[in-house]
Amino acid sequence: TMTSWLFRPMRAITLGNPFPVAATAGQELALGCAFDGTNYLVGIQGDATQGSNITAQLVSQSGTLVGSRISVGRAGSAPFVAFDGTNYLMVWSDYATYPNNQLYGIFIRKDGSVINQPFVIEEGPLSKSEIGGITFGGGKYMVVYHKIAE
């Protein structure tokens, strides 16, 4: 049998100037963000105090930080974020019951204020880094995650 491959030449794309979002002296990791039409909300694991603290930061389209860092008072894996047209939902694997982590979430307004206390979405057990993503459509959120078989 014969196999054909189509190769396209690589080309450079300029995306703009890089800018810091999480720039404390601590270890920080961001894997997800969402856009509300005006600003982005970046979910961040870590802050200046602890590398597993769950935080978020609003960022303007020009890369300016909007307001101060949002802390949810929990520790866990790098959070993912989606926007539903009104509010953000940020989700993460919470470490409070490690090694049987639970999937947690919190709603955040466009102005960066939290709407509620963090809440359990799935009791688990989940592994440390099992969240695959989150999206919103058709009036519902969809969160993809890996639950450990019991």
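Criteria and cut-off values
Residues numbered from 1 in each chain as written. Predicted model: local features only at pLDDT ≥ 70, side-chain atom pairs only at ≥ 80, totals over all residues. Heavy atoms only, no water. Helix = DSSP H or I, 4+ residues; strand = E, 2+ residues; numbered from the N terminus. Buried < 20%, exposed > 50% of the residue type's maximum accessible area, 1.4 Å probe, protein only. Contact = heavy atoms within 4.5 Å. Core = buried A, V, L, I, M, F, W, Y, C linked by side-chain atoms within 4.5 Å. pLDDT = per-residue confidence, 0-100. Salt bridge = Lys/Arg side-chain N within 4 Å of Asp/Glu carboxyl O. Phe/Tyr/Trp six-rings, centres within 6.5 Å; stacked < 30°, edge-to-face > 60°.

Bringing the overall build of the protein into the picture now. Broken down by element type, the protein carries zero helices and nine strands. Overall, the protein shows an N-to-C arrangement of helices and strands of β-β-β-β-β-β-β-β-β. Within the protein, the proportion of its 150 residues that are buried is 38%. Within the protein, contacts between residues separated by at least 24 positions form 37% of all contacts whose residues are at least 6 apart in sequence.

Here we come to the nonpolar core. One finds Leu41, Tyr88, Met90, Trp92 and Ile108 to be the most contacted residues of the largest nonpolar core, which totals 15 residues. Within the residue set of this core, elements represented by two or more residues are β3 (53–60), β4 (65–75), β5 (80–83), β6 (87–94) and β7 (101–109). If we ignore the near neighbours within four places in the chain, the residues touching leucine 41 are Gly32, Cys33, Ala34, Ala56, Gln57, Leu58, Ile70, Val81, Tyr88 and Ile108. Within the second largest apolar cluster, eight residues are counted, among which are Phe80, Val91, Leu103 and Leu126.

The next point concerns the confidence of the model for the protein. Close inspection of predicted coordinates is inappropriate in any region flagged by low pLDDT. Mean pLDDT for the protein: 87, with 85% of residues reaching 70 or above. Per-residue pLDDT, averaged within each element of the protein, yields its smallest value for strand β8 (residues 119–137) (85) and its largest for β5 (98).

With that settled, the discussion passes to the environment of glycine 32. Here glycine 32 shows up in strand β1 (residues 29–35). For the pair formed by glycine 32 and valine 42, sequence separation is 10 residues and the distance between their alpha carbons is 6.2 Å. Ignoring any residue separated from it by four or fewer positions in sequence, one finds glycine 32 in contact with Leu41, Val42, Gly43, Pro79 and Val81.

Turning our eyes to something else, we now look at the environment of tyrosine 98. You can see tyrosine 98 is positioned in the loop between β6 and β7. Residue classification places tyrosine 98 among the exposed positions, given a relative accessible area of 53%. Taking the C-alpha atoms as reference, tyrosine 98 lies 8.8 Å from proline 125; in sequence the two are 27 residues apart.

This brings us to the pattern of salt bridges. Summed over all chains, the structure comprises three salt bridges. We note a salt bridge from aspartate 94 to arginine 74, for which the minimum N-O separation is 2.8 Å. Residue aspartate 94 is located in strand β6, and its partner arginine 74 is located in strand β4; the two are separated by 20 residues in the primary sequence. A relative accessible area of 25% means that arginine 74 is categorised as partly exposed.

For the structure shown, the criterion picks out six aromatic pairs. Site record: aromatic cluster; members linked through ring pairs are Phe107, Phe119, Phe136 and Tyr141.

Secondary-structure assignment places alanine 30 in strand β1. Measuring from C-alpha to C-alpha, the distance between alanine 30 and alanine 56 comes to 9.0 Å, with 26 residues separating the pair along the chain.

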